[in-house]
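Notes for the structure review
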Amino acid sequence: MHTIKKHRRWWILYGVVLVLFTVYVLLDTFVIPRRYATVQSSTAHGSLSDQSSSGWNAAATDSFSSTNTSYDDGSVSITLTTSRFYDTTVYVADITLADAGALKTALAHNTYGKNITETTSSMAESHNAVLAINGDYYGAQNRGYVIRNGVVYRDTAASADQEDLVIGSDGSFSLITEGETTAQELLDSGAWQVLSFGPGLLENGEITVGTHTDVDKAMASNPRTAIGQLSPLHYVMVVADGRTDNSAGLSLYELAEFMQGLGVTTAYNLDGGGSSTLYFNGAVINNPTTNGKTISERKVSDIVYIGA
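Residues numbered from 1 in each chain as written. Predicted model: local features only at pLDDT ≥ 70, side-chain atom pairs only at ≥ 80, totals over all residues. Heavy atoms only, no water.

**Description of the sheet that holds strand 14 (residues 200-203)**
Reading across the sheet, the nine strands line up as 2-3-4-5-17-16-18-14-15 and stay open at both edges, with antiparallel pairing between neighbours. Edge positions in the sheet fall to strand 2 (65-66) and strand 15 (206-207), since each has one partner strand and no second. Bridging between strand 2 and strand 3 (residues 70-72) involves two bridges; their strand directions are antiparallel. Within the sheet, the bridge partner assigned to Ser-66 lies in strand 3 and is Tyr-71. (Pairing = 2+ DSSP bridges. Helix = DSSP H or I, 4+ residues; strand = E, 2+ residues; numbered from the N terminus.)

Listed below in structure tokens is the structure:
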């Protein structure tokens, strides 16, 4: 009897340790923040629209104008439109730049790490962004190349066939697979940003996903975020609402179809679902939601934005 009780105590102790270890692993994976590097921000707080109203941009150009659906300061031109596609509300920001340097990325709290998150709008405001979308949520993954503003933060490939978007220092878009090159080789060849989510949607104007292609993080019809290039220094950022009675959401193929219809040559799928957020001129434009019941921003690890 004594031996049985002793074994029972050991099994109880083992069970408690196992539960505690499992809880720790889950917290470490999804909750506990890990800061690995700090990004130095060179921009002041506030938005471009705020600076514009005080005359900051107007002093630089006589052609400055800003409305709820457009922005033009002489070097950055943005037009925002909304349309319906496959029973889904889709927001499109058409962007023309004079300088590729205006297309930027930012990390939550200017920090590269794990479980470091912030809303898209908060990051946008901190970086003087007139326009921003959520990025690839690199912090939810332990692998996959991370290059931001010419700095390599993670050089471990997610897999040989992981498809990334490379934004060159000249503003050019290209699609690569991580198995065919290293992060350092990408940097040496002129990569300025590398986003690792995917997949690619269009290459040379042709759809590169199938009708049943999807990522393991999403079902068929969902909120979506994508970015594309039409021509040198001419881009679109696209966000589709989903998971609501008013907006069904898009499959990857439908998203590719939509962007092809815009004349996009290279397009790439970014993190979607509850992360999908479009910020413009000081406000969130779309209806971000995780479950369709509450419209609110999800905190994410990074953004792609247009700023000074």
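**Observations concerning the confidence of the model for the protein**
Looking at the protein as a whole, its pLDDT mean stands at 87, while 81% of the residues score no less than 70. In the model, residues 23-27 has pLDDT below 50 throughout and makes five contacts with residues more than four positions away in sequence or in other chains. Note on residues 41-60: pLDDT under 50 across the span, and 38 contacts to partners over four residues away in sequence or across chains. (pLDDT = per-residue confidence, 0-100. Contact = heavy atoms within 4.5 Å.)

**Description of the sheet that holds strand 6 (residues 103-107)**
Reading across the sheet, the five strands line up as 6-21-8-19-20 and stay open at both edges, with antiparallel pairing between neighbours. Every interior strand has two partners, whereas the edge strands, strand 6 and strand 20 (283-284), have only one. Summarising the sheet, strand 6 and strand 21 (residues 302-307) pair through five bridges and their orientation is antiparallel. Bridged to Lys-104 within strand 21 is Tyr-305.

**Some details on the pattern of salt bridges**
Per the stated rule, a full pass over the model turns up three salt bridges. Here Arg-148 makes a salt bridge to Asp-136, at a shortest N to O gap of 2.8 Å. Of the two residues, Arg-148 is situated in strand 9 (residues 146-148) and Asp-136 in the loop between strand 8 (129-134) and strand 9; the sequence distance between them amounts to 12 residues. Since its relative accessible area comes to 2%, Arg-148 is described here as buried. (Salt bridge = Lys/Arg side-chain N within 4 Å of Asp/Glu carboxyl O. Buried < 20%, exposed > 50% of the residue type's maximum accessible area, 1.4 Å probe, protein only.)

**Some words on the side chain of Asn-222**
Here Asn-222 lies in the loop between strand 15 and strand 16 (224-231). Residue Asn-222 is classed as buried on the basis of its relative accessible area, which comes to 4%. In contact with Asn-222, other than residues within four places in its own chain, are Gly-242, Arg-243, Ala-248, Gly-249 and Leu-250.

**Quick look at the environment of Tyr-91**
Note that Tyr-91 resides in strand 5 (residues 89-97). Measuring from C-alpha to C-alpha, the distance between Tyr-91 and Leu-80 comes to 7.2 Å, with 11 residues separating the pair along the chain. Setting aside anything within four residues of it in sequence, one finds Tyr-91 in contact with Thr-81, Thr-82, Met-237, Val-238, Val-239, Asp-241, Leu-278, Ile-285, Asn-286 and Asn-287. Only 2.8 Å separates the side chain of Tyr-91 from the side chain of Asp-241, close enough to count as a polar contact. (Polar contact = N/O pair within 3.5 Å; in protein donor to acceptor, adjacent residues only side chain to side chain.)

**Describing helix 5 (residues 252-261)**
Among the residues making up helix 5, those that are buried are Leu-252, Glu-254, Leu-255, Ala-256, Phe-258 and Met-259. Just beyond helix 5, the residue with positive phi is Gly-263, at close to 90 degrees.

**Examining the pairing of strand 7 (residues 111-114)**
On strand 7, burial covers both faces: Thr-111 and Gly-113 on one face and Tyr-112 and Lys-114 on the other are all buried. Relative to strand 7, strand 1 (residues 34-38) runs antiparallel, the two being bridged by four bridges. Opposite Arg-34, over in strand 7, you have Lys-114 as the bridge partner.

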